[in-house]
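Observations on the model geometry
So you can see what is in the structure, the chains are spelled out below.
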Amino acid sequence: MDLAVEMREITKVFKKVAANDKVNFNLKKGSIHGLLGENGAGKTTLMNCLYGLYQPESGKIFINGKNVRIDSPQKAMSLGVGMVHQHFMLVRPMTVVENIMLGLSSKRGPFLDTDRVERELLALSKRFNLNLEPKAKIWQLSVGEQQRVEILSALYRGAEILILDEPTAVLTPNEAQELFGILRMMRNDGKSVILISHKLEEILAIVDEVTVLRDGRLVGQAQVTAETTKRDLTSMMVGRDVLFNFKHETLKTGATKLMVNHLGARNDKGLPALKEVSFSISAGEILGFAGVDGNGQKELCEVLTGLRPTTSGEICLNGKELNRSSPKTFINEGIAHIPEDRHKTGLAMNMGIARNLILKNFSQSGFSSRGLLNFRAIKKNAERLMEEYAIKANGVHTKVKDLSGGNQQKVILARELSSKPEIIIANQPTRGLDIGATEYVRQKLLEESAKGAGVLLISADLEEILQLSDRIAVLYDGQIMGILGRNASVEEIGLLMAGVRTEEVEVC
Ligand SMILES: Nc1ncnc2c1ncn2[C@@H]1O[C@H](COP(=O)(O)OP(=O)(O)OP(=O)(O)O)[C@@H](O)[C@H]1O
Ligand SMILES: [Mg+2]
């Protein structure tokens, strides 16, 4: 079979560390290829080399059998290579067609005919089932739709090879299925797709072949057949077995820690985002929140960490009212926060790991005295946490922006979970983590709750919610539709997530 891409002995070095060390990668024409590996294994780096964002120190790239030099994304696109990054590069106040036309003008001359582009986009959108309206403004679109705009944009620029870096991390299960439908259509059309994902079920369901990287090196390439199992992939990736199903013991929960009554809040557009939300979390309890993204989850987390004002209701921690308190008070009272968007709220990207790890408590616990920072203590703290959380980096002072996506998430987790929290607000805590790290974080949340912390867990991964939670609340349109016991079925939860409240649903 013809190869769409052949990468031969690619080496890419950052500050003396080889993120890719003589990596070979072969992509067959008309296939979907999974690129796997733990956080920091070198997946994004390899694809950035193919897309012209990085120049490898050595190695060769062949596209359709021809040796090429890809020194910019423009060059990549002219060779038919497109890439959809995890952080979309769209201009929110502009429309779909305007966004797609943005980079085109130089190629197609100054007189672009908007009507024509619009017609062509509509036809392309229909052909690949992208279901997009070219005149819609980006800010009006869901995350899944925005991702489809990126795909449409790549297709419009003539992509025959499409790279998707963890595309499903931000999607709901339904959106992920829709995306796979689109990828299959692209394959039928003779196009080739490279898919980076940590979700092994997805890989098994959709890809034809996998390439596995470990520590910047190629472990191997393999066909994915009906016989391939998650265990096969894991042992290639990690070199050991990983626990997939652990259910936490029924714990005796203690006194009520967090009490939320009739809470109301507005979203960024000034519309009601939380309506009369009431629940409690006891010591030792994990309360899961299921729901389609965008039904008030983000606002709930922000309100419970002092980042967003309430319009009504009250929040009490250990009997103390916290409404209208500053974020600092929430931190000092022991509310830890694992935010959804680590770039915006979780990390200081230009600062080193060690400093990020003490961002919240630099004035306490021996990290400073009389206004001076104790560098030795800060370094020791970082070394300990980096080892415990397997944070892969050159050293404690590596800037967070130079870490791989999963390792950035680990820095937040290490900081928040090591602060002996009373309550942990965990929003998508395992998003972007490899399977080993996911297992570790889930166990850590169970451990913290066993030590008496209360946990509020928001996750788009229903399996994660079912595995960890003592009770499961379902958010829909800013309201709690019901709070179910841990033995609730996926169907029951699904109905509530869709806003259907049935008589049979038993509310705990
Ligand atoms: N711009 C950069 N500067 C310095 N080091 C970098 C840079 N980009 C990546 N690295 C390092 O290269 C290694 C590979 O990173 P890469 O982002 O390719 O990993 P990944 O496999 O995509 O991981 P993840 O699953 O966490 O996204 C990491 O150790 C990372 O810290
Ligand atoms: Mg990556």
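Here the structure is shown first, and the text comes after it.
To keep things clear, this report deals only with the structure shown in the data block. (Residues numbered from 1 in each chain as written. Chains lettered and ligands numbered in written order. Predicted model: local features only at pLDDT ≥ 70, side-chain atom pairs only at ≥ 80, totals over all residues. Heavy atoms only, no water.)

**Examining the overall build of the protein**
To keep things clear, this is the line we draw: Helix numbers and strand numbers start at the N terminus; a helix is a DSSP run of H or I with at least 4 residues, a strand a run of E with at least 2. With the radius of gyration taken over C-alpha atoms, the globule rule is written as 2.2 Å times the number of residues to the power 0.38. Partly exposed residues are those whose accessible area sits between 20% and 50% of the maximum for their type, while under 20% is buried and over 50% is exposed, using a 1.4 Å probe and protein chains only. The criterion used for residue contact is that any of the two residues' heavy atoms lie within 4.5 Å. His is not counted, nor are the chain ends, whereas Lys and Arg count as positive and Asp and Glu as negative. A single reference atom marks each charge: NZ on Lys, CZ on Arg, CG on Asp, CD on Glu.
If you tally the helices and strands in the protein, you get 18 helices and 22 strands. Relative to its length of 508 residues, the protein is compact, with a C-alpha radius of gyration of 24 Å against a globular reference of 23 Å. Per-residue burial for the protein yields a buried fraction of 52% across its 508 residues. Of the contacts formed within the protein by residues at least 6 apart in sequence, a portion of 66% connects residues at least 24 apart. In the protein, 65 positive and 61 negative side-chain charges are present, and the distance between their average locations comes to 7 Å.

**A closer look at the layout of surface pockets**
How we decide: Here a cavity means grid points, on a 1 Å grid over the protein atoms only, where a 1.4 Å probe fits yet cannot get out; a pocket means an open set of points with protein on both sides within 12 Å along at least five of seven lines; lining residues are those with an atom within 4 Å of a point. Grid points are joined across faces, edges and corners, and a volume is the space filled by probe spheres set on the points. Lys, Arg, Asp and Glu make up the charged group, whereas Ala, Val, Leu, Ile, Met, Phe, Trp, Tyr, Cys and Pro make up the nonpolar group; the residues left over, Gly among them, are polar. What marks off one domain from the next here is an automatic or database domain assignment.
Its volume calculated, the largest pocket comes out at about 1,800 Å³. As for the largest pocket, its lining consists of 45 residues, of which Arg92, Val143, Lys298, Glu340 and Lys344 are closest to the centre. Elements with a minimum of two residues in the lining of the largest pocket: helix H6 (143-156), strand E12 (272-282), helix H10 (297-303) and helix H12 (342-346). Looking at the lining of the largest pocket element by element, the count peaks at five residues for H10. Residues of the lining of the largest pocket, tallied by class, amount to 14 nonpolar, 16 polar and 15 charged. The residues that make up the lining of the largest pocket include at least three from each of domain 1 (3-238) and domain 2 (256-334 + 420-497).

**Regarding the site of ligand 1**
Here is the rule we go by: One heavy atom within 4 Å of a molecule or strand makes the whole residue count as near it. We define a polar contact as two N or O atoms separated by no more than 3.5 Å, with the added condition that, inside protein, one atom must be a possible hydrogen donor and the other a possible acceptor, whereas residues neighbouring each other in sequence contribute only through side-chain atom pairs. The Shrake-Rupley method, run with a 1.4 Å probe sphere, supplies the accessible areas, and residue values consider only the shown protein chains as cover.
As a structural note, the neighbourhood of ligand 1 is formed by 19 residues, with Gly40, Thr44, Thr45, Ser404 and Gly406 the closest of them. Interatomic distance of 3.0 Å between a side-chain N/O atom of Asn39 and an oxygen atom of ligand 1. In the model, an oxygen atom of ligand 1 is placed 2.6 Å from a nitrogen or oxygen of the Thr45 side chain. Contact with the protein chains removes 87% of the 640 Å² of surface that ligand 1 exposes when unbound. Listed by contribution, the elements that provide at least two residues to the shell around ligand 1 are helix H1 (43-50) and helix H15 (405-417). Per-element accounting of the shell around ligand 1 gives the leading share, three residues, to H1.

**A short note on unusual backbone geometry**
One non-glycine residue, Lys16, lies in positive phi territory at about 75°. Inspection of the secondary structure puts Lys16 in the loop between strand E1 (3-14) and strand E2 (17-28). Unusually for a residue other than glycine, Asn64 sits at a positive phi of about 50°. Structurally, Asn64 can be placed in the loop between strand E4 (58-63) and strand E5 (66-68).

**Quick look at H1**
Counting buried positions along H1 gives seven out of eight residues, so the element sits mostly inside the fold. Positioned one or two residues after H1, Gly52 has a phi angle of 80°, which is positive.

**Topic: the environment of Ile70**
Inspection of the secondary structure assignment puts Ile70 in the loop between E5 and helix H2 (73-78). Taking the relative accessible area as the measure of exposure, Ile70 reaches 4% and is therefore buried. Between the alpha carbons of Ile70 and Leu50 there is a distance of 7.0 Å; along the sequence they are 20 residues apart. Residues within four places of Ile70 in sequence aside, it is in contact with Leu50, Tyr51, Gly52, Gln55, Ile61, Ile63, Lys75, Ala76 and Leu79.

**Examining the packing of H6 against helix H7 (residues 173-188)**
Here is the rule we go by: In this analysis, axes come from line fits to C-alpha atoms, helices being fitted only over the stretch in contact, and the angle between any two N-to-C directions falls in the range 0 to 180 degrees. Geometric relationships in this document are graded by angle, where less than 35 degrees denotes roughly parallel, more than 145 denotes roughly antiparallel, 65 to 115 denotes roughly perpendicular, and other angles denote oblique. Here a crossing is called left-handed whenever its near helix is offset anticlockwise from the far helix by less than a right angle, and right-handed whenever the offset is clockwise.
Look at H6 against H7: their axes get within 11 Å of each other, and the N-to-C directions meet at 15°. One way to sum up the angle between H6 and H7 is to call them roughly parallel. Regarding H6 and H7, the two cross each other, and that crossing is right-handed. Of the residues in H7, those in contact with Gly144, Gln147, Arg148, Ile151 and Leu155 of H6 are Glu175, Glu178, Leu179, Ile182 and Met186. Its residues assigned to classes, the contact of H6 with H7 shows five nonpolar, two polar and three charged.

**What to know about the pairing of strand E20 (residues 454-458)**
So the rule is basically this: Here is how to tell: hold the view so the strands point away, follow the path from the first strand over the helix to the second, and if it runs clockwise the crossover is right-handed.
Counting buried residues in E20 gives five out of five residues, a clear majority hidden from the surface. Between strand E19 (residues 423-427) and its parallel partner E20, the chain crosses via helix H16 (residues 435-450), and the hand of that crossover is right-handed.

**Re the pattern of salt bridges**
We apply this condition: Definition used for salt bridges: Asp or Glu carboxyl oxygen within 4 Å of a side-chain nitrogen of Lys or Arg.
Counted by the stated rule, this structure contains 30 salt bridges. For Arg116, the salt bridge identified is with Glu120, shortest N-O distance 3.1 Å. Taken together, the residues span about one helical turn, with Arg116 and Glu120 both in helix H5 (residues 114-127) at a distance of four residues. If you follow the salt bridges from partner to partner, you end up with Arg127, Glu160, Asp189 and Lys191 in one network.

**Details of the environment of Ser469**
Following the sequence through the fold, Ser469 ends up in the loop between helix H17 (462-468) and strand E21 (471-476). You can call Ser469 buried: its relative accessible area is 0%. Sequence separation between Ser469 and Pro272 is 197 residues; the distance between their C-alpha atoms is 27 Å. Engagement of the side chain of Ser469 in a polar contact is seen with the backbone nitrogen of Gly288, the distance being 3.5 Å. For Ser469, the side chain forms a polar contact with the main-chain oxygen of Ile465, separated by 2.7 Å.

**Here's the deal with the sheet that holds E21**
Here is the rule: One requirement defines pairing of two strands: DSSP has to find at least two bridges between them.
Spatial ordering of the open sheet is given by E16-E19-E20-E13-E21-E22, a layout of six strands whose pairing is mixed. The open sheet is flanked by strand E16 (335-338) and strand E22 (479-485), the only strands paired with a single partner. Sheet twist, expressed as the average angle between the axes of neighbouring strands with direction ignored, equals 20°. Along the sheet, H15 contacts E16 and E19; its crossing angle with E16, the most-contacted strand, is approximately 170°.

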